[in-house]
Amino acid sequence: MFTFIKQYAERIDGVHIYAFISLFIFFAFFVVLLVVVKKMGKERVEELSNIPLDQEELNQSNI
Amino acid sequence: MQVEKFYYDNKIVRNFAYATILWGAVGMLVGLWIALQLVFPGPFPHGLNLAPWFNFGRLRPLHTNAVIFAFVGNGIFMGVYYSLQRLCKTRMFSDKLSYIHFWGWQLIIVAAAVTLPLGLTTGGEYAELIWPIDVAITVIWVVFGWNMFGTIIKRREKHLYVAIWFYIATFVTVAVLHIVRSGELPYTWLKSYSLYAGVQDALVQWWYGHNAVAFFLTTPYLGLMYYFLPKAANRPIYSYRLSIIHFWALIFLYIWAGPHHLLYTALPNWAQALGTVFSLMLIFPSWGGMINGLLTLRGAWDRVRDDVILKFMVVAVTAYGMATFEGPMLSLKSVSAISHYTDWIIAHVHIGALGWNGMLTFGVLYWIIPRIYKTDLYSKKLANVHFWLATLGILFYAIPMYWAGFQESSMWKQFTEAGQLKYTFLETVTYMKPFYAMRSFGGTLYLAGMVILVYNLYKTVKAGKLVANEAAEAAPLEKVFVAPKHEHWHRVIERKPVQFMVLSLVVILIGGLIELVPTFLIKSNVPTISSVKPYTPLELEGRDIYVREGCYLCHSQMIRPFRSETERYGEYSKAGEFVYDHPFQWGSKRIGPDLAREGSGNLKKSDGWHFRHFREPSSMSEGSIMPSYDFMLLNDLDTSDLSAKIHAMILLGVPYPANYEKDAMADLNIQAKEISDNLVGDSIRVSPRKEVIALIAYIQRLGTDIAKNPTATFNK
């Protein structure tokens, strides 16, 4: 829908560059993130994911 | 290192929990009431519309605002204040700030609950609140952020757990969204006009609207999921690595999803394809979150059978997965053509609200209350009854609405063999009534479950005693922290909350700015249609009544370029027709027909028809479910703000003649007299001073500009 705006948006000079820039930024960011996550040490990951559980109330029985 | 003793503030958690329950019940009750208004539309006591304060158009924003900002809002704060203290191993930064935050937020809700039924609204969906309340929201939001960052900075746990990232992203993004959407020009102490007009206003609105869903209903609740699901299941989250990817990808992509839906069809074909790819990509981080939640229960599914809290959470996460699969599908052009303006969208948002937000809130409430009262839950059996009522309530709500949506859409689009539209709009409305009744039954079940929760938690609270200050111990952070060698940058920023916030801000601003730059450029690219003129003073007053009564909640003013729509409503809408519309009134749902060309072509009716229709809609359209607006026949039009309104419009760039503020009243009187005289021909005698005259003037204006001269010229 909203094709009626199409002709007007097309008149914005170089409008396609916005889409390209965004895709490129996201892709680059995502690749860096994947590399970082892949290189994280197993022990560290375990330690971090236990943060919420590392407390006294851990042993409280759930209702 | 010596261990320090400190106390968690449970009182503030209790307060927010109570507020969540109270406003949840209110929001759901209003929702049920407006659902029943569509089944019993007459004036009270024959129907459920209590004009003017409790008509559908005024109550619907109350429902949406109550559920989003009061129920879910307080739910967020309850969960954040509980989990943040424990994840940071410290008390909240300032009890005073917590107190101001709590009472400030409740006052805002009360102010909304009073102003919306009074018809004080800005007319933008989910952003209806008037400008003084917008200012108050900004102040209280800053108080919340201040308290949150103060707590994070004085923490005793070095690393910020993933839940806290979601809280930070929520704080930053909601602030940006709220400020941009609240761009208004006040003309009195209570009223204002949107700074943006027409297409631009629509793009800002849906950039805001969709991201309010993203960063108010989704990211903070994902934070709660990452804390409370592992707590309830007593096991760590399935994949911490996945949570990092999930978080960054989600906040990066989500900010795109709003105007994106409007914009990508406005772009060339290759760009539309790219836009679709972006929307579809959003499935991956969303499902990353869902999978992370559900797989946390791997090997513990047997416990889900017995643990009612886990049951609530599993349904919540599943509903999240369903809604976030459906969302990208709905943003496909071909699906949108069917779903837009129909009850399909109502079903979709209620899967999110009742399923994801509601069920997770209930799970967290059942988990927190017994703990802060140091007792057991009063009745697991009642909690189970609540669970089943809520789950069935969602199904009874959603299934009829999906069905209704498909039916509506197909009935709107069907033609006879002779090439005529097969159904009148009214036929499609009366066809919907049984579905609306079934939906109300689903809502009743869900609300009944809420009543059981109130009773169960009341008995639990009675049996226990609030531990207002819960003792805890932890070692302080080392003053000088030596980072391990070869440490990854993500681990570094996980220790630095301010840098983390800045990075989150940059990430959401990239998407936001790339979206908004073309949005603002569009203004200079919208063609001027020479025959489109500013509203006359009487039409402007009438338009403000249209906004006040929430007409846009049932009537769209946006004809899409489909044959089924142009046959029914006339020429499809052009961007240049809306350049003086502060705010835009395109609407998002057609409970009633589109009104974009109500004053022109085949749709034009006499002034007398409109007069009688406002007095009693069903007298002119048999079977209509529109409420009566007979009070407008009695109320005098308040023109005391007219010159301020015209002045504000001139400031916003609407080309009225210089000093027109002074002449506007005379023009208003002349036009009102014309309509009043015209009505005499229809055997109706009414003073030209009445509100209904202004509204008739506005309705009769709709769509007439383009009928005069449809040629457009670009100002480029």
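This structure is a prediction, so every number in the text was calculated from the model and none was measured.

Calculation notes
Each chain carries its own residue numbering, running from 1 in the written order of its sequence. A letter from A marks each chain and a number from 1 marks each ligand, given out in the order of writing. Note on the predicted model: pLDDT of at least 70 is required for a residue's local features to be given, and 80 or more for side-chain atom pairs to be given and counted; whole-chain, interface and lining totals, by contrast, use all residues. Strands here are runs of E lasting at least two residues and helices are runs of H or I lasting at least four, both read from the DSSP assignment and numbered beginning at the N terminus. As defined in this context, the radius of gyration uses C-alpha atoms, and a globule is described by 2.2 Å times the residue total to the power 0.38. Residues are scored as being in contact if the C-beta atoms we place from backbone atoms lie within 7 Å. Partly exposed residues are those falling between the two cut-offs: more than 12 but fewer than 20 other C-beta atoms within 10 Å of their own, whereas 20 or more means buried and 12 or fewer means exposed, with C-beta atoms placed from the backbone. Per residue, pLDDT measures the predictor's confidence, with a range of 0 to 100. What counts as a domain boundary in this text is fixed by an automatic or database domain assignment. The classification used treats Ala, Val, Leu, Ile, Met, Phe, Trp, Tyr, Cys and Pro as nonpolar, Asp, Glu, Lys and Arg as charged, and all other residues, Gly among them, as polar. Only C-alpha atoms enter the line fits that serve as axes; for helices the fit covers just the stretch in contact. Angles between N-to-C directions range over 0 to 180 degrees. Orientation categories follow fixed angle ranges, with anything under 35 degrees roughly parallel, anything over 145 roughly antiparallel, 65 to 115 roughly perpendicular, and all other angles oblique. Here the expected length of a helix is defined as 1.5 Å per residue gap, with one fewer gap than residues. Definition of nonpolar core: a set of buried Ala, Val, Leu, Ile, Met, Phe, Trp, Tyr and Cys residues joined via C-beta atoms within 7 Å.

Details of the overall build of chain B
Tallying secondary structure elements over chain B gives 27 helices and six strands in all. Expected size for 716 residues packed as a compact globule is a radius of gyration near 27 Å; at 27 Å, chain B falls within 12% of this value. For the C-alpha atoms alone, the extent of chain B along its principal axes is close to 90 × 55 × 50 Å. Long-range contacts, defined here as pairs at least 24 residues apart, represent 84% of the contacts in chain B between residues at least 6 apart.

Looking at the overall build of chain A
Scanning chain A from N- to C-terminus turns up three helices and zero strands. Start at the N end of chain A and walk to the C end: the helices and strands fall as α-α-α. Here chain A, with 63 residues, has 24% of them falling under the buried criterion.

Looking at the confidence of the model for chain B
Residues and elements named next belong to chain B. Model confidence for chain B is summarised by a mean pLDDT of 89, while 91% of its residues fall at 70 or above. The weakest mean pLDDT in chain B belongs to strand E6 (residues 712-713) at 46; the strongest belongs to helix H3 (residues 95-115) at 97. For the stretch residues 263-268, pLDDT sits under 50, and the model shows 24 contacts to residues farther than four places along the chain or on other chains. Across residues 712-716 the pLDDT falls below 50, and counting only partners more than four positions away or on other chains, this stretch makes eleven contacts in the model.

Thoughts on the domain arrangement of chain B
All names here are of chain B. Domain parsing of chain B yields domain 1 (4-481 + 505-516) and domain 2 (528-713). Here the C-alpha centre of domain 2 lies 34 Å away from the C-alpha centre of domain 1. The partner domain 2 presents 44 residues to the 40 residues of domain 1 that form the contact. Secondary-structure elements contributing two or more residues to the side of domain 1 that touches domain 2 are helix H2 (56-88), strand E3 (192-194), helix H6 (198-233), helix H15 (380-413) and helix H16 (425-463). When residues in the side of domain 1 that touches domain 2 are grouped by element, the largest group, five residues, is from H2. Taken together, the residues of the side of domain 1 that touches domain 2 break down into 22 nonpolar, twelve polar and six charged.

Comments concerning the packing of helix H14 (residues 343-372) of chain B against H15(B)
Residues and elements named next belong to chain B. Here H14 crosses H15 at 170°, and the two axes come no closer than 7 Å. It follows that H14 is roughly antiparallel to H15 by the angle criterion. The class makeup of the residues in the contact of H14 with H15 is 17 nonpolar, six polar and two charged.

Points about the packing of helix H21 (residues 607-615) of chain B against helix H25 (residues 660-680) of chain B
Residues and elements named next belong to chain B. Where H21 contacts H25, the axes come no closer than 9 Å and their chain directions differ by 90°. When the axis of H21 is compared with that of H25, the two are roughly perpendicular. On H25, the residues that touch Asp607, Gly608 and Phe611 of H21 are Ile675, Asn678 and Leu679. When the residues that make up the contact of H21 with H25 are grouped by side-chain class, the tally is three nonpolar, two polar and one charged.

Here we look at H25(B)
Residues and elements named next belong to chain B. An ideal rise of 1.5 Å per residue puts 30 Å on 21 residues; H25 measures up with 30 Å between its terminal C-alpha atoms. Of all the residues in H25, the buried ones are Ala664, Leu668, Ala672, Ile675 and Leu679. Buried residues along H25 sit against helix H19 (537-548), H21, helix H24 (642-651) and helix H26 (691-701).

Some thoughts on helix H5 (residues 162-181) of chain B
An ideal rise of 1.5 Å per residue puts 28 Å on 20 residues; H5(B) measures up with 28 Å between its terminal C-alpha atoms. By the criterion of burial, H5(B) is predominantly enclosed, with 15 of the 20 residues buried.

Some words on unusual backbone geometry
All names here are of chain B. Along the chain, Phe44 connects to Pro45 via a cis peptide bond; the corresponding omega equals 5°. Mapped onto the elements of the fold, Pro45 is located in the loop between helix H1 (10-39) and H2. Look at the link from His582 to Pro583: it is a cis peptide, with omega at 0°. Within the secondary structure layout, Pro583 lies in the loop between helix H20 (563-569) and H21. Despite not being glycine, Lys89 shows a phi value in the positive range, around 50°. Within the secondary structure layout, Lys89 lies in the loop between H2 and H3. With 22 C-beta atoms packed within 10 Å, Lys89 lands in the buried category. The backbone of Asn659 sits at a positive phi, close to 55°, despite the residue not being glycine. When you line up the elements, Asn659 lands in the loop between H24 and H25. The exposed category is assigned to Asn659, around which 11 C-beta atoms lie within 10 Å.

Observations concerning the confidence of the model for chain A
Residues shown with low pLDDT carry predicted positions that ought not to be read at fine detail. Within chain A, residue pLDDT values average 68, and 52% of them lie at 70 or more. When mean pLDDT is taken per element in chain A, helix H3 (residues 42-49) of chain A scores highest with 82 and helix H1 (residues 6-9) of chain A scores lowest with 55.

Overview of the environment of B:Leu310
Residues and elements named next belong to chain B. Considering the arrangement of structural elements, one finds Leu310 in helix H12 (residues 308-330). Take Leu310: there are 23 C-beta atoms within 10 Å of it, and that puts it in the buried class. When the C-alpha atoms of Leu310 and Ile245 are compared, they prove to be 25 Å apart, with 65 residues separating the residues in sequence. If we ignore the near neighbours within four places in the chain, the residues touching Leu310 are Ala232, Ala233, Leu297, Arg303 and Val304.

Quick notes on the nonpolar core
Residue and element names in this part refer to chain B. Grouped together as the largest cluster of nonpolar side chains are 210 residues, with contacts concentrated most on Tyr81, Ile164, Met313, Ala316, Leu365, Ile368 and Leu695. Of all the elements, H6 adds the most residues to this core, at 23 residues. Counting the residues that make up this core, at least three belong to each of domain 1 (4-481 + 505-516) and domain 2 (528-713).

Observations concerning the environment of B:Asn55
All names here are of chain B. Among the secondary structure elements, Asn55 is positioned in the loop between H1 and H2. For Asn55 and Ala404, which are 349 residues apart along the polypeptide, the C-alpha to C-alpha distance reads 23 Å. Residues in contact with Asn55, not counting those within four places in the same chain, are Asn49, Glu549 and Pro627.

Notes on the environment of B:Met632
All names here are of chain B. Mapped onto the elements of the fold, Met632 is located in helix H23 (residues 631-634). Separated by 580 residues in the primary sequence, Met632 and Pro52 place their C-alpha atoms 9.0 Å from one another. For Met632, the contacting residues outside a window of four places in its chain are Phe614, Lys690, Glu691, Val692 and Leu695.

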